[in-house]
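As a plain string of letters, each chain reads:
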Amino acid sequence: MIGTVGVLAYQMSSPPQRVQLTFPSADAARISFFALGDQGSGQYRQWTVARSMEKVAERSGDPDFVVLLGDSFYSYGVGSIDDRVWNWKFEKMYSGARLAAIPFYAVLGNHDVLGNAEAQIEYSRAQAGSGRWQMPAHQYRKDFGSDQGRPLLRVVFIDTNRSASEGLEKQIRFIEESFAPSAGQPTWRVVVAHHPIRNLGRHGETPRLAAILLPVLQKYHIDLYVTGHDHDQQLIARDGEPYYVISGGGGQSLYHVSPGQDGLLFGKSQHGFCSIAVDSSAMTISFYDDDAEMASRYAIKRDCAEFSAACVKPALAAAKSSD
């Protein structure tokens, strides 16, 4: 037992190995990613979710990258780029063979900003540690894959902790610039943040984001708004609005979600993560628990023009036969 503890202590204290990151091809016709938030407990549940991600990655060949939805470091963020929690709660936590060589794109959560938020940006810019941590700014965007000469997927990452008028307006301007016609027209449009707009769990909805951010997402036809903050898993559809994924079961204590609420297509209080895949014809959204078991899967066809629950089709039966 003492020997095991010693080995674990050494692994956590030893510097992470620099890796050669594998990015998806610019011409890829299919892109997939895992999304999870509220993971940074550093405790057993975070580890079980990390192992679940690795198992699913080995089984499916996915993902191309991972999206971290905030609260990556409970309870008070990081102090600097040299803080030892980088090893404990990120580098060594996600060190399986499949996850060790792909980028992790992150946004800031409300617990992250209680510490040195700029250190998380600096860690990315310095390519510190393994080099996997990607957060070049409070807001940034990435294009992935190709569909007949245009981006297959554009993801815009924003900081919803900056809720003061000036900070939120900056996020909105960035979304507008990222999806303006002059910026090119991606097949799929995703915005990633920490705080939900619609939320049928413990924290409830965020009125300020609903009033100010939602109209911009509607104007620019954003397909999916992906967040954490509520410690559970949800898929919400409201007519005329983006689809909402909440994937906050990454490792912290869970919140209750009551089934049967209006617009809640899937809601479960469980540790796990979400897997999202797109090609030119469809987006697939899958929820996994911390034992690598799929809880549910849904498909949205690109040619379904309306933003409504009618466009979201359960696809779990097909998934079970192929996984």
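Coordinates for the structure precede this section.
The structure displayed is predicted, hence computed values, not measured ones.

Calculation rules
- Residues numbered from 1 in each chain as written.
- Predicted model: local features only at pLDDT ≥ 70, side-chain atom pairs only at ≥ 80, totals over all residues.
- Heavy atoms only, no water.
- Core = buried A, V, L, I, M, F, W, Y, C linked by side-chain atoms within 4.5 Å.
- Buried < 20%, exposed > 50% of the residue type's maximum accessible area, 1.4 Å probe, protein only.
- Contact = heavy atoms within 4.5 Å.
- Disulfide = S-S within 2.5 Å.
- Pairing = 2+ DSSP bridges.
- Helix = DSSP H or I, 4+ residues; strand = E, 2+ residues; numbered from the N terminus.
- Axes fitted to C-alpha atoms, helices over the stretch in contact; angles between N-to-C directions.
- Phe/Tyr/Trp six-rings, centres within 6.5 Å; stacked < 30°, edge-to-face > 60°.
- Lys NZ or Arg CZ within 6 Å of the ring centre and 35° of its normal.

Draft legend 1. Examining the nonpolar core more closely. Core analysis: the biggest nonpolar cluster contains 68 residues, and Leu 153 and Ile 285 have the highest contact counts within it. For Leu 153, the residues in contact, after removing those within four places along its chain, are Ile 31, Phe 33, Phe 65, Lys 142, Asp 143, Phe 144, Trp 188, Val 190 and Val 278.

Draft legend 2. Local environment of the state of the cysteines. Applying the stated criterion to the full structure yields one disulfide. Cys 304 shares a disulfide with Cys 311; S-S distance 1.9 Å. With the S-S bond torsion at -70°, the cross-link from Cys 304 to Cys 311 turns out left-handed. Free of any disulfide, Cys 274 has its nearest neighbouring cysteine sulfur in Cys 311, separated by 18 Å. Judged by its relative accessible area of 0%, Cys 274 is buried.

Draft legend 3. The arrangement of the sheet that holds strand 8 (residues 224-227) in detail. Sheet architecture is open: seven strands sit in the order 5-6-7-8-10-9-11, paired in mixed fashion. If you trace the sheet from one side to the other, it starts and ends with strand 5 (140-147) and strand 11 (264-268), each paired once. This sheet shows a mean twist of 15° between the axes of neighbouring strands, independent of strand direction. Alignment of strand 8 against strand 10 (residues 243-247), held across four bridges, turns out to be parallel. Bridge pairing in strand 10 places Val 226 opposite Val 245.

Draft legend 4. Representation of the environment of Gln 261 within the structure. As for its placement among the helices and strands, Gln 261 is situated in the loop between strand 10 and strand 11. Distance in space between the C-alpha atoms of Gln 261 and Gly 201 is 10.0 Å, their sequence separation being 60 residues.

Draft legend 5. Looking closely at the packing of aromatic side chains. The final tally for this structure, using the stated rule, is 20 aromatic pairs. When the centroid spacing of 5.6 Å and the interplanar angle of 45° are considered together, the rings of Tyr 94 and Phe 104 count as tilted. Linking Tyr 94 in the loop between helix 3 (85-91) and strand 3 (104-106) with Phe 104 in strand 3, this pair joins segments that are ten residues apart in sequence. Each of the two residues, Tyr 94 as well as Phe 104, counts as buried. One aromatic cluster in this structure is built from Phe 73, Trp 86, Phe 90, Tyr 94, Phe 104, Tyr 123 and Trp 133. Seen from the ring of Trp 88, Lys 89 lies directly overhead, with NZ or CZ sitting 4.8 Å from the centre. Across from the ring centre of Phe 90, 5.0 Å away, lies the NZ or CZ of Arg 132, which sits over that ring.

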